[in-house]
Amino acid sequence: MKIKQRDAFSHHLLVDDHYKLVLCAVPKVGSTEFARLILRMGNSTHWRRDPQRSGLARADRDRHVVSKLSLQRAQRFIDDRRYTWAVFFRDPAERLVSAYRDRVRPRLNVSFPDFVATLKAIRGTDPHWRPQRYLCNNDVLLKRYDFVGDFARIQPDARRLLEALGAWDHVG
């Protein structure tokens, strides 16, 4: 694996060694809660904190972020078939509206149609509205995933994933 390939995962690909989970945490698809889950699985004492806003939780989370690992360790997760790869997707229209309401409307005086027109013009790369297939190299690695969950069924799908990993009793 080359640095460029590892870094293409951005900070969205999280890994837990104990339960052998590699999770693509797609923004606007429960990514903050999935980051907290990874912290809980790793027995972090800071799992209740927001890993985007708390320095302590962010430092703990960064130990689980593939793009912050050594090239050798990152390659191991890709090659080792004992790791379960998981991702949750969300209806693209719902995700875009959620991104607008959470990220744009509170900060800018922009209507939703103007926001969409701007995205079309600039082909926005912000991960909150970037197509899900491009995050975590999903356009290339989707066949590597063992588990694909749906945001519309996040509770039963997350439970099914955690039960399959043997983690439900610990973090469920």
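This text follows the structure it describes.
Okay, so let's go over this structure. A quick note: this is a predicted structure, and the numbers were derived from the prediction, not measured.

Time to look at the sheet that holds strand β2 (residues 21-24). Taken in spatial order, the four strands line up as β1-β2-β3-β4 in an open sheet, and their pairing is mixed. Each end of this open sheet is capped by a strand with a single partner; those strands are β1 (13-16) and β4 (147-150). Between one strand axis and the next, the sheet turns through 20 degrees on average, direction left out of account. Sheet topology places strand β3 (residues 84-89) next to β4; four bridges connect them, and they run parallel. Within β4, the position partnered with F88 by the bridge is G149. Strands β2, β3 and β4 of the sheet are contacted by helix α8 (residues 154-165), whose axis makes an angle of about 175 degrees with β3.

Taken as a whole and judged by the stated rule, the model has seven aromatic pairs. Ring centres of F112 and F115 lie 6.1 Å apart, and the angle between their planes is 45 degrees; on these two criteria the pair is classed as tilted. Pair noted here: F112 and F115 are both in helix α6 (residues 112-122), with a separation of three residues, about one helical turn. Here F115 falls in the buried class, since its relative accessible area comes to 5%. Through a chain of ring-to-ring contacts, the aromatic side chains of Y100, F112, F115 and W129 assemble into a single cluster.

Criteria and thresholds
- Residues numbered from 1 in each chain as written.
- Predicted model: local features only at pLDDT ≥ 70, side-chain atom pairs only at ≥ 80, totals over all residues.
- Heavy atoms only, no water.
- Pairing = 2+ DSSP bridges.
- Helix = DSSP H or I, 4+ residues; strand = E, 2+ residues; numbered from the N terminus.
- Axes fitted to C-alpha atoms, helices over the stretch in contact; angles between N-to-C directions.
- Contact = heavy atoms within 4.5 Å.
- Phe/Tyr/Trp six-rings, centres within 6.5 Å; stacked < 30°, edge-to-face > 60°.
- Buried < 20%, exposed > 50% of the residue type's maximum accessible area, 1.4 Å probe, protein only.

These figures capture arrangement, not role.
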